[in-house]
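Chain by chain, the residues:
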Amino acid sequence: MEIANAFALLANFVLVPATAYGAQLALGALGVTIIFGILRFANFSHGELMSFGAMVTILVTWLLQMNGIGLGPLPTALLALPVGILATVAMAVLTDRFVFKFYRKKRANPIVFAIVSVGVMFMMAGIIRIVIGPDDHSFADGARFLISFGEFKQLTGWDQGIAIKQTQVVTVVVTLIVVALLFWFLQKTRWGKAMRAYSDDEDLALLSGINPERVVLIAWIIAGSLACIAGTLYGLDKTYKPFIFLQILLPIFAATILGGIGQPVGAVLGGFIVAFSEVTVTYAFKRFLAYLGPEGWEPDGLVQLLSTDYKFAVSFVILVVVLLVRPTGIIRGKVI
């Protein structure tokens, strides 16, 4: 029974939230990976693109809620998500056409593209602050829990329960669907194969008749869609904080580089590794160890390696270690 309680405690505060967080990071890292694979630069504006998509989804969600339109037990944001995706794709495509395309024609250095993306990041951040403001916003509705802490305890008779939020389940399910569709598109469709060919050898792809502007357009459509979905799921699971998406860019890049930049499979794997690392390192294991130790014994301290205030420091350490030890990441080889 004590082992079961220890597992329930760990699942409630580490396994379940880290799985949802990992799914969100995986979607964010996939967006960064797609752009790097096609355009060969690190898009630092991706975090704010996520924020922009979440913002539009929130505004549409509020409009639907005001008119009494919803999905019952499911979040109304799922109804608003297609509008958010369209708006985010439009923002991504317009940004490319009016900013990045100019430097692409000049065949600018990737470092120049990265610096330009920082400028785009600040531009998007300003638009977001003007439209929705700097305050936190909660927009989740419907059923809060799939199973609550008390219900689990009553069902099992354990001292510790496991609470599974509806938003966590929605996050994992949506991520599985989106990732499956993305990999199907890249592997089976004509334009997916064209993107992979363009990423592998741009000159040979051009000689084969592949339209480079069409490939770039599709890449931004995919990246914008992934950004909106990731930002919305993150806001649903936690709370929409306009300033947090600048910070979340660090774990997203850590996940991208850890998995192997330009590698979609690596981006997904890296997202979950970073998420579990952050949550595990900042979790206080005092009660967990008390269940596993002798009866009536528990550690004096919290047994916490890092405070939750330093959660993003874990991503920074992972990023530094990977760049020093294995710059190619977990998965080597051709991008996309």
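Everything below is about the structure shown above.
Quantities reported herein were computed from a predicted structural model and do not represent experimental measurements.

Calculation criteria
Here, residues in each chain are numbered from 1, in the same order as that chain's written sequence. Predicted model: local features are reported for residues with pLDDT of at least 70 only, side-chain atom pairs are reported and counted for 80 or more only, and whole-chain, interface and lining totals are derived from all residues. For the side-chain quantities, the full set of heavy atoms in the structure was used; hydrogens and water were omitted. To qualify as a helix, a DSSP run of H or I must reach at least 4 residues; to qualify as a strand, a run of E must reach at least 2; elements of each kind are numbered from the N terminus. It is over C-alpha atoms that the radius of gyration is taken, and the globule rule equals 2.2 Å times the number of residues to the power 0.38. Burial classes follow relative accessibility: with a 1.4 Å probe on protein chains only, a residue under 20% of its type's maximum area counts as buried, one over 50% as exposed, and anything between as partly exposed. Every residue pair with non-hydrogen atoms within 4.5 Å of one another is taken to be in contact. All accessible-area figures derive from a Shrake-Rupley calculation using a 1.4 Å probe, and residue coverage is judged against the displayed protein chains alone. Counted charges follow a simple rule, with Lys and Arg positive, Asp and Glu negative, and His plus the chain ends left uncounted. One atom stands in for each charge, and that atom is NZ of Lys, CZ of Arg, CG of Asp or CD of Glu. Grouping buried Ala, Val, Leu, Ile, Met, Phe, Trp, Tyr and Cys residues that are joined through side-chain atoms within 4.5 Å yields what is termed a nonpolar core. The pairing test for Phe, Tyr and Trp rings, Trp by its six-membered ring, is centres within 6.5 Å, and the orientation test on the planes gives stacked under 30 degrees, edge-to-face over 60, and tilted for anything in between. Patches here: salt-bridge-free residues with over 30% relative accessible area, like charges joined within 9 Å, nonpolar side chains (Val, Leu, Ile, Met, Phe, Trp, Tyr) joined within 5 Å. Each salt bridge in this description consists of a side-chain nitrogen of Lys or Arg and a carboxyl oxygen of Asp or Glu lying within 4 Å of one another. Here an axis means a line fitted to C-alpha atoms, over the contact stretch when the element is a helix, while the angle between two N-to-C directions is reported on a 0 to 180 degree scale. We call two directions roughly parallel when the angle between them is under 35 degrees, roughly antiparallel when it is over 145, roughly perpendicular when it lies between 65 and 115, and oblique otherwise. The classification used treats Ala, Val, Leu, Ile, Met, Phe, Trp, Tyr, Cys and Pro as nonpolar, Asp, Glu, Lys and Arg as charged, and all other residues, Gly among them, as polar. Expected helix span is computed as 1.5 Å times (number of residues minus one). Polar contacts, as counted here, are pairs of nitrogen or oxygen atoms within 3.5 Å of one another; within protein the pair requires one atom able to donate a hydrogen and one able to accept it, and residues that are adjacent in sequence qualify only if both atoms are side-chain atoms.

**Re the overall build of the protein chain**
- In terms of helices and strands, the protein chain carries 14 helices and 2 strands.
- On C-alpha atoms alone, the protein chain measures out to a radius of gyration of 21 Å, which is about the 20 Å that the 2.2 N^0.38 rule sets for 336 residues.
- If you line up the protein chain on its principal axes, its C-alpha atoms span 70 × 55 × 35 Å.
- When burial is assessed residue by residue, the protein chain has 51% of its 336 residues classed as buried.
- Here the contacts in the protein chain between residues at least 6 apart in sequence split such that 75% fall between residues at least 24 apart.
- Put simply, the protein chain shows about 15,700 Å² of open surface, and 68% of that area lies on carbon and sulfur atoms.
- Here the protein chain holds 24 positive side-chain charges and 19 negative ones, and the gap between their average locations is 13 Å.

**A look at the nonpolar core**
- Tyr 21, Leu 27, Ile 38, Met 195, Trp 220, Ile 229 and Tyr 240 are the most contacted members of the largest nonpolar core, which has 95 residues in total.
- The element best represented in this core is helix α1 (residues 2-39), accounting for 16 residues.
- Among the nonpolar cores identified, the runner-up in size contains 6 residues, and Ala 8, Ala 11, Val 16 and Ile 147 belong to it.

**What about the packing of aromatic side chains?**
- If you walk through the whole model with that rule in mind, you get 14 aromatic pairs.
- Geometrically, the ring pair formed by Phe 13 and Tyr 283 is stacked, given 6.2 Å between the ring centres and 20° between the ring planes. Taken together, the residues Phe 13 in helix α1 and Tyr 283 in the loop between α12 (264-281) and α13 (286-292) connect sequence positions 270 residues apart.
- With relative accessibility at 42%, the residue Phe 13 sits in the partly exposed group.
- The buried category is assigned to Tyr 283, whose relative accessible area is 11%.
- Arranged with centres 5.0 Å apart and planes meeting at 90°, the rings of Phe 102 and Tyr 103 form a pair that is edge-to-face.

**What about the side chain of Ser 315?**
- By the secondary structure assignment, Ser 315 is in helix α14 (residues 311-325).
- Every residue in contact with Ser 315, bar those within four places of it in the chain, is listed here: Leu 250, Pro 251, Ala 254, Val 274 and Glu 278.

**Topic: a nonpolar patch on the surface**
- Taken together, the side chains of Phe 316, Val 317, Val 320, Val 321, Leu 324 and Val 325 present a nonpolar region at the surface, about 590 Å² in accessible area.
- Tracing the chain through its elements places Val 320 in helix α14.
- What makes Val 320 partly exposed here is its relative accessible area of 33%.

**Some details on the packing of helix α6 (residues 166-188) against helix α9 (residues 212-237)**
- Close contact between α6 and α9 brings their axes to 9 Å; oriented N to C, the two are set at 170°. The orientation of α6 with respect to α9, classified from their angle, is roughly antiparallel. Note on element contacts: α9 touches α6 through Ile 218, Ile 222, Leu 226, Ile 229, Leu 233, Leu 236 and Asp 237, opposite Thr 167, Gln 168, Val 170, Thr 171, Val 174, Thr 175, Val 178, Leu 182 and Phe 185.
- For the contact of α6 with α9, the class distribution of residues is 11 nonpolar, 4 polar and 1 charged.

**Points about α9**
- With 26 residues, α9 extends 37 Å from end C-alpha to end C-alpha; this agrees with the ideal 38 Å at 1.5 Å per step.
- Along α9, 21 of the 26 residues are buried, which leaves the element largely enclosed by surrounding structure.
- For α9, the capping residue at the N-terminal end is Asn 211, with a side-chain oxygen 3.1 Å from the backbone nitrogen of Glu 213.

**A few points about the pattern of salt bridges**
- This structure, assessed with the given rule, holds 6 salt bridges.
- Notably, a salt bridge pairs Lys 286 with Glu 298, separated by 3.7 Å at the nearest N-O pair. Placement of Lys 286 in helix α13 and of Glu 298 in the loop between α13 and α14 is noted, with a sequence separation of 12 residues between them.
- On the basis of relative accessibility, which here comes to 41%, the residue Glu 298 falls in the partly exposed class.

**Comments concerning the side chain of Gln 160**
- The topology assignment puts Gln 160 in the loop between α5 (149-156) and β2 (164-165).
- The class of Gln 160 is buried, set by a relative accessible area of 4%.

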